[in-house]
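Chain residues, written in single-letter form:
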Amino acid sequence: MARDVLVREEVLDRDECLRLLATRRLGRVAVGVEGWSPLIRPVNYRFDPSSQSVIFRSGRGTKLTGLLRAHAVTFEADEIDEAARTGWSVIVSGRAEEVVRPGDLAHLEALGLDPWVPGDLPHWFRVRSEMVSGRRIARRGV
């Protein structure tokens, strides 16, 4: 006998959003620079609880140029279960700051960010969680 399914969309509070960000390692950074088409790139990242920031690295290229020129960026991470049709998404908006101070770099290196992309990625970036929003889709049998 088929069971009815209750579908529920839940707005996540800031604490839950930040907790979920810390559970993932892959997200997308979106950069909009005047005169350019929006640029969206996957990045592997770590969440730094001490600064409540998303941390990732970049090499040379359009992503780096966009990050350095943009006034604001958006970062998104999610977890989706296609079979169950459930999941969550968290969006962080803020300014991308290139991290260059030796003490700050030592702290970020200790977070264990291991880039997936081969090659030199000397530029470290931090997106502080100035604006955070999140949603969860949940299904339960009734």
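Residues numbered from 1 in each chain as written. Predicted model: local features only at pLDDT ≥ 70, side-chain atom pairs only at ≥ 80, totals over all residues. Heavy atoms only, no water.

Visitor: Summarise the overall build of the chain; cite the residues concerned and give the values.
Guide: The helix and strand inventory of the chain stands at three helices and ten strands. Along the chain, helices (α) and strands (β) appear in the sequence β-α-β-β-β-β-α-β-β-β-α-β-β when read from the amino end. Burial statistics for the chain: of 142 residues in total, 37% are counted as buried. Here the analysis covers contacts within the chain between residues at least 6 apart in sequence; of these, 71% occur between residues at least 24 apart. Only carbon and sulfur atoms are counted for the fraction: they give 51% of the accessible area of the chain, which is about 8700 Å². (Helix = DSSP H or I, 4+ residues; strand = E, 2+ residues; numbered from the N terminus. Buried < 20%, exposed > 50% of the residue type's maximum accessible area, 1.4 Å probe, protein only. Contact = heavy atoms within 4.5 Å. Areas by Shrake-Rupley, 256 points an atom, 1.4 Å probe, with all protein chains shown as cover.)

Visitor: Would you mind going over the environment of Asp-48 in detail, with residue names and values included?
Guide: One can find Asp-48 in strand 4 (residues 46–48). With a relative accessible area of 2%, Asp-48 lands in the buried category. Taking the C-alpha atoms as reference, Asp-48 lies 9.6 Å from Leu-21; in sequence the two are 27 residues apart. Contacts of Asp-48, omitting those with residues within four sequence positions, involve Ser-53, Ile-55, His-107, Leu-108 and Leu-111. Within the structure, Asp-48 has its side chain in polar contact with the side chain of Ser-51 (distance 2.9 Å). (Polar contact = N/O pair within 3.5 Å; in protein donor to acceptor, adjacent residues only side chain to side chain.)

Visitor: Go over unusual backbone geometry, please, and point to the residues and values.
Guide: You will see that Gln-52, though not glycine, has its phi angle at about 50 degrees, which is positive. Examined against the element boundaries, Gln-52 turns out to sit in the loop between strand 4 and strand 5 (53–58). For Arg-85, which is not a glycine, the phi torsion comes out positive at approximately 55 degrees. Relative to the elements of secondary structure, Arg-85 occurs in the loop between strand 6 (73–81) and strand 7 (86–94).

Visitor: Quick one: what's the story with the pattern of salt bridges, residue by residue and with numbers?
Guide: Here the idea is simple: oppositely charged side chains can pair when their charged atoms come close. The tally for this structure, following the rule as stated, stands at twelve salt bridges. Close ionic contact of Glu-10 with Arg-136 constitutes a salt bridge, the shortest N to O distance being 3.2 Å. Of this pair, Glu-10 sits in strand 1 (residues 5–11) while Arg-136 sits in strand 10 (residues 131–141), and the two are 126 residues apart along the sequence. (Salt bridge = Lys/Arg side-chain N within 4 Å of Asp/Glu carboxyl O.)

Visitor: Which residues make up the sheet that holds strand 9 (residues 123–128), and what values do they have?
Guide: Strands sit in the order 4-5-9-8 across an open sheet of four strands; the sheet is antiparallel. Two strands close off the open sheet at either side, each with one partner strand: strand 4 and strand 8 (96–99). For this sheet, the mean angle separating the axes of adjacent strands, direction not counted, is 35 degrees. Strands strand 4, strand 5, strand 8 and strand 9 of the sheet are contacted by helix 3 (residues 102–109), whose axis makes an angle of about 85 degrees with strand 9. (Pairing = 2+ DSSP bridges. Axes fitted to C-alpha atoms, helices over the stretch in contact; angles between N-to-C directions.)

Visitor: Mind laying out the confidence of the model for the chain, listing which residues take part and the relevant values?
Guide: Considering every residue of the chain, the mean pLDDT works out to 89; 94% of them sit at 70 or more. Across the chain, the secondary-structure element scoring lowest on mean pLDDT is strand 1, at 81, and the one scoring highest is helix 1 (residues 14–21), at 97. (pLDDT = per-residue confidence, 0-100.)

Visitor: Quick one: what's the story with the nonpolar core, residue by residue and with numbers?
Guide: Of all hydrophobic cores here, the largest spans 26 residues; its most connected members are Leu-21, Val-54, Phe-56 and Phe-75. Mapped by element, the contributors of at least two residues to this core are helix 1, strand 2 (26–31), strand 3 (39–44), strand 5, helix 2 (62–69), strand 6, strand 7 and strand 9. Residue contributions to this core peak at four residues, all from helix 1. For Val-54, the contacting residues outside a window of four places in its chain are Leu-21, Tyr-45, Arg-46, Phe-47, Phe-75, Val-92, Phe-125, Arg-126 and Val-127. Within the second largest apolar cluster, six residues are counted, among which are Ile-55, Val-99, Leu-108 and Trp-124. (Core = buried A, V, L, I, M, F, W, Y, C linked by side-chain atoms within 4.5 Å.)

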